Amino acid sequence: MKNHFFTKVKIKFGKYLARTFPLNRVRCFGLRMCGFNIGKNVYIGPNLRIASLISVKGCNLKIEDRVAIGPNVTLVLSSDANNSKLMENISPVIGEIILENDSWIGACVLILPNVVIGEGAIVGASSMVNKSVPSKKIYAGNPAKFIKDIIPNRINKD
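Owing to the predicted nature of the structure, the values given are computational and were not obtained by experimental measurement.

Rules used throughout
Residues numbered from 1 in each chain as written. Predicted model: local features only at pLDDT ≥ 70, side-chain atom pairs only at ≥ 80, totals over all residues. Heavy atoms only, no water. Salt bridge = Lys/Arg side-chain N within 4 Å of Asp/Glu carboxyl O. Buried < 20%, exposed > 50% of the residue type's maximum accessible area, 1.4 Å probe, protein only. Phe/Tyr/Trp six-rings, centres within 6.5 Å; stacked < 30°, edge-to-face > 60°. Core = buried A, V, L, I, M, F, W, Y, C linked by side-chain atoms within 4.5 Å. Helix = DSSP H or I, 4+ residues; strand = E, 2+ residues; numbered from the N terminus. Contact = heavy atoms within 4.5 Å. Pairing = 2+ DSSP bridges.

Chemist: Would you mind showing me how to read the pattern of salt bridges here?
Modeler: Note on pairing: side chains with opposite charge can pair once their charged atoms come close. Under the counting rule described, the total for this entry stands at three salt bridges. Ionic pairing is found between Glu 64 and Lys 62, a salt bridge with its closest N-O pair at 3.6 Å. For Glu 64, a relative accessible area of 19% corresponds to the buried category. Looking at Lys 62, the relative accessible area reads 31%, which means it is partly exposed. Residues Lys 137 and Asp 149 are paired through a salt bridge, measuring 2.4 Å at the closest nitrogen-oxygen approach.

Chemist: In this structure, what is going on with the packing of aromatic side chains? I would like to understand it.
Modeler: Here a ring pair, both rings aromatic, is described through the centre-centre distance and the interplanar angle of the planes. Per the stated rule, a full pass over the model turns up two aromatic pairs. Judged by centre distance (5.3 Å) and plane angle (70 degrees), the ring pair of Phe 5 and Phe 6 falls under edge-to-face. Under the relative-accessibility criterion, Phe 6 is labelled partly exposed at 46%.

Chemist: Sorry, what's going on with the nonpolar core here?
Modeler: For soluble globular proteins, nonpolar side chains are generally found buried alongside one another. Ranked by size, the top nonpolar core spans 32 residues in total, and within it Ile 111 and Ile 117 carry the most contacts. Of all the elements in the fold, those that place two or more residues in this core are helix H1 (2–20), helix H2 (24–33), strand E4 (60–63), strand E9 (96–99) and strand E12 (115–117). In this structure Ile 117 touches Ile 98, Leu 99, Glu 100, Ser 103, Ile 105, Ile 111, Val 123, Val 129 and Val 133, once residues within four positions along its chain are discounted.

Chemist: Even after reading the chapter, I still don't get the sheet that holds strand E1 (residues 37–38), so can you show me in this structure?
Modeler: Working definition: the strands of a sheet are paired by backbone hydrogen bonds and lie parallel or antiparallel to each other. Strand order in the open sheet made by the four strands is E1-E4-E9-E12, with parallel pairing throughout. On the outer flanks of this sheet lie E1 and E12, each paired with one strand and no other. Pairing geometry for E9 and E12, over three bridges, is parallel. The residue bridging Ile 98 from the neighbouring strand is Val 116, located in E12.

Chemist: Any chance you could explain the pairing of E4 here in plain terms?
Modeler: Of the two faces of E4, only one is covered, namely that formed by Leu 61 and Ile 63; the face formed by Asn 60 and Lys 62 stays uncovered. Taken together, the two bridges between E1 and E4 define a ladder with parallel strand orientation. Bridge pairing links Asn 37 to Lys 62 in E4. Taken together, the four bridges between E4 and E9 define a ladder with parallel strand orientation.

Taken by themselves, the reported measurements are silent on function.
Okay, here's the thing in structure tokens:
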């Protein structure tokens, strides 16, 4: 029981660091403290919020290499009705979020559980993502919808 208490405190403190600390390196460290998988050269903007039931199996966050997350982003790993009588009839939603290599999450984005943002994909500012985003695509809106493909730069040989 004592060990469980300290695990909850560690996760709360890690989320606090990820949300408020001015240095990016420490924000990434805070997420690692929570047991999340954070890759190399990840940028996490200030005020990242992670909604999850503390120490519940199945709540997982994976951020691969070179991912950029803008300010005021919310990642929802789980959601429930807390103390409401709704809990008698509606189970909590528990899932994971995966941000693949080189993806870019704009400012004020909300990502719901069980979503994968594909490699090299972009999610526009203030979008709400409730379905996975394929690699090398731009999605935006509420709910986020396909905007256009990302086409690699072409060298003009004229």
